[in-house]
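Next come the chains, spelled out residue by residue.
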Amino acid sequence: MNSYWIRRFAGALAVLLLIITANFFLFRVMPGDAVSTIVDPRFSPEAKEKMRHLFGLDLPLHQQFFIYVRRMLSFDFGISFLSQRPVWDEIKSRIPNTLALLGTSLLLSSAIGTWLGVKAARKRGGFLEKAVIFSGSISFSFPSFFVQLVLLLLLAYTFPVFPLRGTVSIPMPSGTLPRVIDYIHHLILPAGSLVLLGFGSWAIYVRNLMVKTLGEDFILLARARGLSEDRIIWNHAFRSTLPPILTIFLLALPGIVSGAVITETVFSLHGVGKFLLDSILGHDYPSAGAAFYILGLLTIASNLAADAACTLADPRIRVGKRAER
Amino acid sequence: MFRGKVILSALALLVLLQATTAAGFDLNAVNGPKTKDLYMVIYRDPDSQMLALQKGDVLGDITRPVDIERLSNFPGVSLSISRAFHLFFMGFNLRIEPWNDTTLRQAVSMSIPSRQIVRDIFSGYSEPVSTYLPPVSPYYEKSVKTWDHDPAGARKLLEEAGWKWSPEGNLVPPGKTSPLEPVRLLSPTAQVAPTSAEVAGRIAEAMKALGVPVSLEPLDFSMMIKRLDSHDFDLFVMAWSLTRDPDSLFAFFHSSMDVPGGYNIQGLHDEALDRVLERLRWAPDRETADKAARRAQKMLSEITPWIPIYSRYMVTAVREGWKGIIETERTTADNIWTLINMEPGNGGDRPIMWCLQEEPRSLNPFSTSSVYDWQVLGLVYDSLIAIDPEDLEDIPWLARSWEVETSGSGSTAKTRLTFALRSGIRWHDGVLFTSRDVRKSLEFLKSREIPRYFDNVRDIESIETPDERTVIVNMSNTSFWHLHNIGGSPVFPAHIIENVKDWESWQPSREKHPSVEGLTMLIGTGPFVFRKYRPGEYVHFTRFDDFRLPWRD
C-alpha cells in the first residue's frame, strides 16, 4: 500500500470521526427532544420527567456523548426512542425492501440511461438523440410524487395490472416461488417509476460525455486506422468516459440504503427512508444517529471504491504519482 | 359559485350528522365478532388510501376536505361523520402586556369571524366553538358568555375601557401615548399543517383590522414547543385532542401547571378558578365533577385565556355491502363496536380490510403512546369498564359492576373502588381470567413507574383481591376520575407479564407463546386474536371464538 492510500484511509477515518461528532451535536442543537414534543394533557410533567430519565436525556451532555460514541464504535446502536425496539433491528427489517427497490432502479436506470446516452451521441442530430434529450429532460423534471401517483392511478386502479401498495398480497400466497413472484409483482411499479424518473439524467450525462469524447483527436486517429465504429465507440470513447460514470454510480450507492421517502410513502413500502425521516422529526437520537452513521460509512467506502475503480478503468490515472512526461 | 358549493356541502354534512345522530342503535343488539379475519392494512399515503377505499377496502378515516368531497360522490362508499374531542384555539401569553388585559382579549375574540373561517376553510366538516370543552363532551356547558363576531362591538368595548387608536389605526393602551408594539402569532408551517396555518392567517387579518399589529410566525413544531415552553411568545394557535373526562381543564388552566413541561402554556393564575379546578380534579363523585366542570367553563369564558375557534368532525369512509356498522353522534364507524358487529351484507365470510394510516411502532403496551399501536392493541386488551359509544357513559366490560366510595373526610378522604368481575372470561390461550390478573397488572404498572400509566396508577395505595371475582383498589386521595384511570387501564395476563424482565424493550408480538401454537405473547381477552404483524404491510387478527359481550352473559 503506497502512501497515497495510507493518506486516503487516514482522511476517511478523520471524516468518520467528524460525522460521529456532528451526528451527536446536530441532533441536540435542534430545538426540543423526544419528550418535549409529547403534547398530551394525559401526560403530566412528572410522567415526562420519568420518560426523560428512561431515555437517558437527563444525563450531562458529555456523558451522553461518551455513551453514544461507544455505541457507534461497537455497532450497538441502542434502543429506538420511538419504537422501543433495538435500532439495528429496525434498520435491518427495512434494508431488504430498500435495497431491492433502489438497487434495482439504480442498476436499471444507469444501464438504460448509459446505453441510450451512447446511442444518442453516436448519431448526432438524429431522432434518437432528440428523443433522449427530450425524454431525459422531461423525466427528471417531473416531481416524483406526481409521476408515481399517476402510475398508481393508471396501472393499479384504472387498469389493475399491479397492486396498490406494499410488497405482499393479503392474504399472503403460500410457497416460496409464489411469494417471490408476488414480491416482484409488487415491486415492478415503484421500481419502474424510479427508473422512469432516473434514466433521463444518466442518458443526458453520458450523451454529453460521449459527444465531447467523440470529438477528441484520439478518436479521429482510431477512425484513420480503420477501426470499426463499434470498437471506436465502446473500446475507445466509452472507456475513456468510464471514470466519471463510475464515480457517479459509486457515489449513488449510499443512496440505495438511505431510501426514498416519497416512493416509500406513495407505495406504502417498509423502507429506510421513511424511518429516517420519522426518526429526525421525532427526535429519535439513537435511530437517526445510527442511520446517518451507516450512511456516512457507506459514503466514505464508496468514495474509496470510486478512487480504486477509476485507476482500474483508466490506466492514465495513477494516483499518488506525478504524471510522467 | 365556489361559496355556494361550500355552503351546500356544509349543509349536507350537517344534515348527514343529524341523520346519523337520530338513527341511534341498541347496544344490547350488538353481537360478535362475526367476521373470521380482520386485516389492518397500512396505507401511508392518503391518495393511495383513497384509491384503496374506492377499489374495495372496507373502512378508513378521512382527514382532507378534498377527499370528503371526492368520496361523497363515489358510488359504493358512504361517509360516517361524528363530532370529535378536538379543539383548535388561539392562546395569549398572559404573563406580559397587553395580553394580561381581559378586555383586550375579549375584544380580540369578538373581532375573529370563527364561523366564516370554518365555513371557508373546512367546507362544513368542522364546527365553530366558543367553549373550552368541545360540544361532544358530556360536560360541555352551552350557557357560557360568548364573544360572537362583532367588530363594531369589539371597538366599543375597547373604547369604554379607555383604549384609543393611533392615526395609523393601531391600538393605544389606556393611559399610554404610544401604540401597541408589533406582535407575532406563532403557528405551524403551511407545509406541515396547511389548514392551521390558514386559520392563523385569517385570525391575524381580523386582529389587524381591530388595530393589533400582528404578523404570522410559522414555525416547525419542535421550535414552536420550545418557544412556548420558554414563554417566548405573544400569541399562538394550537389544537388539542381531548378525552371524555374534563379534568384536562385542570392541566390547561390550573396555576400549578404553569411549570416546565406543563400545559398551562398561557400562564393563567386565577385563585377563584384554581379552587373550582381543584374541585373538578378531586371531585368525590360524578355530580360534583359535573358541577365543577360547568362552573369552570363559565369562568373561563369570562377570563378568556384562549379564543376557542373550532372543533373538527371525524369522517370515516365505509364501503357499502356490509351490515352491522355502528355510528353515533360521538363516534364514526371507525370503532371497536363496528368491528365486532359488522358482517358482509350478502352473507358469507369475507375478511375485513381496515386502513391503518401509519405503521404501528412497537406493539409494546407498556411503552407505546402511538395511536396506531393502540388501534391494534385495543382489539386485544380489554379494560374493566368500557364506554358507551352513544352517551359516553361507563358500561360493564371485564367488570360486571363497580362501586365508588369515599372514606374519611377533608384532607384524609380517600376513594375506594370495588370491581365485581365477570365470570367465565378466558385469555386467548384458554387460561381463566381472575382478579389476580387485575391486581398483577396494576402492581406491574405502579411498581415500574411506567410513564404512560404513571398518572393513572400513582395514587394507588393498596389493592385487595378477597376472591377471584372481586378487586378493591384503595386510592391515597379522593377523585371520581380514579374510576376511569383504573377502570380504563388495560388488563394484562398475569401469567405472561410476571415473566417480563425488561418492560421497555418487551416485544410481545414477536415472542412465541410458550404453549399454544400460532399465538404470540400478545394475548388478551379482547374480541380479536393477534396473529401476525408484517412490518409495513398489515396486522392480521382472527375472531376470538370465546369472546362474549357482557350483555350475553
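Asks: Pulling in residues and values, what's your account of the overall build of chain B?
Replies: Helices and strands together make up the secondary structure of chain B, namely 17 helices and 22 strands. Structurally, chain B occupies a C-alpha span of about 80 × 60 × 40 Å along its principal axes. Sorting the 553 residues of chain B into buried and exposed places 47% on the buried side. Sequence-distant contacts in chain B: of pairs separated by 6 or more residues, those separated by 24 or more amount to 69%.

Asks: How would you sum up the overall build of chain A? Please name residues and give values.
Replies: Counting its secondary structure elements, chain A contains 13 helices and 0 strands. Of the regular secondary structure in chain A, the N- to C-terminal order runs α-α-α-α-α-α-α-α-α-α-α-α-α. In terms of its C-alpha atoms, chain A occupies a principal-axis envelope of roughly 85 × 60 × 40 Å. Counting all 325 residues of chain A, 34% fall into the buried class. At a minimum sequence separation of 6, the contacts of chain A that also span at least 24 residues come to 71%.

Asks: Any details on helix α12 (residues 272-281) of chain A? Residues and values, ideally.
Replies: Residue and element names in this part refer to chain A. All of the buried residues along α12 are V272, G273, K274, F275, L276 and S279. As for α12, its buried residues are in contact with α4 (87-122), α10 (255-258), α11 (261-266) and α13 (285-313). H283 occupies a position one or two residues after α12 and carries a positive phi of about 55°.

Asks: Describe the packing of α4 of chain A against helix α5 (residues 127-141) of chain A, listing the residues and the values that go with them.
Replies: All names here are of chain A. The N-to-C vectors of α4 and α5 enclose an angle of 135°; their axes lie 7 Å apart at closest approach. Taken as axis vectors, α4 and α5 run oblique relative to one another. When you trace α4 past α5, the crossing you get is left-handed. Across the interface between the two elements, L116, G117, K119 and A120 from α4 touch L128, E129 and V132 from α5.

Asks: Can you explain the pairing of strand β10 (residues 235-241) of chain B? Please cite residues and give values.
Replies: Residues and elements named next belong to chain B. Here strand β4 (residues 86-92) runs beside β10; their pairing, made up of 7 bridges, is antiparallel. In the strand pairing of β10, F88 is matched with A239. As judged from the 2 bridges shared by strand β8 (residues 183-188) and β10, these two strands associate in the parallel manner. Looking at β10, one finds that L186 is bridged to F236.

Asks: Explain the environment of R94 of chain A to me, and be specific about the residues and the numbers.
Replies: Residues and elements named next belong to chain A. Mapped onto the elements of the fold, R94 is located in helix α4. C-beta crowding within 10 Å serves as the criterion here: with 24 such atoms nearby, R94 is assigned to the buried category. For R94 and G255, which are 161 residues apart along the polypeptide, the C-alpha to C-alpha distance reads 14 Å. Apart from the residues lying within four places of it in its own chain, the contact partners of R94 are H270, G271, V272 and F275.

Asks: Quick rundown of the environment of G117 of chain A? Include the residues and the values.
Replies: Residues and elements named next belong to chain A. Summarising the element assignment, G117 is placed in helix α4. For the pair G117 and A306, spaced 189 residues apart in the sequence, the C-alpha separation amounts to 21 Å. Not counting residues up to four positions away in its chain, the partners in contact with G117 are V132, W202, A203, I204, Y205, V206, R207 and M210.

Asks: Describe in detail the confidence of the model for chain A, supporting the description with residues and values.
Replies: A low pLDDT score tells you not to read the predicted coordinates there in detail. Mean pLDDT over chain A works out to 86, with 96% of the residues at or above the 70 mark. The least confident element of chain A, judged by mean pLDDT, is α10 of chain A at 75; the most confident is helix α7 (residues 176-214) of chain A at 93.

Asks: Can you explain the sheet that holds strand β18 (residues 414-421) of chain B? Please cite residues and give values.
Replies: All names here are of chain B. Spatial ordering of the open sheet is given by β17-β18-β20-β19, a layout of 4 strands whose pairing is antiparallel. Among the strands making up the open sheet, the edge pair consists of β17 (399-407) and β19 (460-467). Taking the axes of each pair of neighbouring strands and ignoring which way they run, one obtains an average angle of 15° across the sheet. Looking at chain direction, β18 and strand β20 (residues 470-475) are connected through 5 bridges and run antiparallel. Residue pairing in the sheet places L417 in a bridge with V473 of β20.

Asks: Before we move on, could you go through unusual backbone geometry and cite the residues and values that matter?
Replies: With an omega of -5°, the peptide bond between I170 of chain A and P171 of chain A qualifies as cis. Turning to its location among the elements, P171 of chain A is positioned in the loop between α6 (144-158) and α7. Here the amide bond leading from E97 of chain B into P98 of chain B is cis, since omega sits at -5°, within 30 degrees of zero. If you trace the backbone, P98 of chain B turns up in the loop between β4 and α4 (102-111). One non-glycine residue, H283 of chain A, adopts positive backbone phi at about 55°. Here H283 of chain A is to be found in the loop between α12 and α13.

Asks: So what's going on with the pairing of β18 of chain B? Which residues, and what values?
Replies: Residue and element names in this part refer to chain B. Of the two faces of β18, only the one carrying T415, L417, F419 and L421 is buried; K414, R416, T418 and A420 on the other face are not. Here β17 pairs with β18 via 8 bridges, running antiparallel. Its bridge partner lying in β18, S407 is registered against K414. A loop of 6 residues connects β17 with β18, the two strands running antiparallel in sequence, and G408 in this loop sits at a positive phi of about 75°.

Asks: Can you break down the domain arrangement of chain A residue by residue, with the values?
Replies: All names here are of chain A. Considered domain by domain, chain A is made up of domain 1 (3-74) and domain 2 (94-313). Summarising the inter-unit geometry, the C-alpha centres of domain 1 and domain 2 are found 33 Å apart. Each partner contributes residues to the interface: domain 1 has 16 residues there, and domain 2 has 13 residues. Looking at the side of domain 1 that touches domain 2, the elements that each hand over two or more residues are α1 (3-29) and α3 (61-74). Among the elements that take part in the side of domain 1 that touches domain 2, α1 stands out by supplying 9 residues, more than any other. Classifying every residue of the side of domain 1 that touches domain 2 by side-chain character gives 11 nonpolar, 3 polar and 2 charged.

Asks: Residues and numbers for α7 of chain A, please.
Replies: The end-to-end C-alpha distance of α7 of chain A is 49 Å, clearly below the 57 Å that 39 residues give at a rise of 1.5 Å each. Maximum bend of α7 of chain A: about 40°, positioned at I188 of chain A, with proline P190 of chain A one to four residues after it.

Asks: So what's going on with the domain arrangement of chain B? Which residues, and what values?
Replies: The extent of an interface is frequently quoted as the accessible surface area lost upon association of the parts. Residues and elements named next belong to chain B. In terms of domains, chain B is made up of domain 1 (86-312) and domain 2 (371-552). Between the C-alpha centres of domain 1 and domain 2 there is a distance of 37 Å. Partitioning the side of domain 1 that touches domain 2 into residue classes produces 5 nonpolar, no polar and 6 charged.

The rules behind the values
- Residues numbered from 1 in each chain as written.
- Chains lettered and ligands numbered in written order.
- Predicted model: local features only at pLDDT ≥ 70, side-chain atom pairs only at ≥ 80, totals over all residues.
- Helix = DSSP H or I, 4+ residues; strand = E, 2+ residues; numbered from the N terminus.
- Buried ≥ 20, exposed ≤ 12 C-beta atoms within 10 Å, placed from the backbone.
- Contact = placed C-beta atoms within 7 Å.
- Axes fitted to C-alpha atoms, helices over the stretch in contact; angles between N-to-C directions.
- Parallel < 35°, antiparallel > 145°, perpendicular 65-115°, else oblique.
- Left-handed = near helix turned anticlockwise from the far one by under 90°.
- Pairing = 2+ DSSP bridges.
- pLDDT = per-residue confidence, 0-100.
- Domains from an automatic or database assignment.
- Nonpolar A, V, L, I, M, F, W, Y, C, P; charged D, E, K, R; others polar.
- Expected span 1.5 Å × (residues − 1).
- Bend = angle between axes of the 7 residues up to and from the residue.

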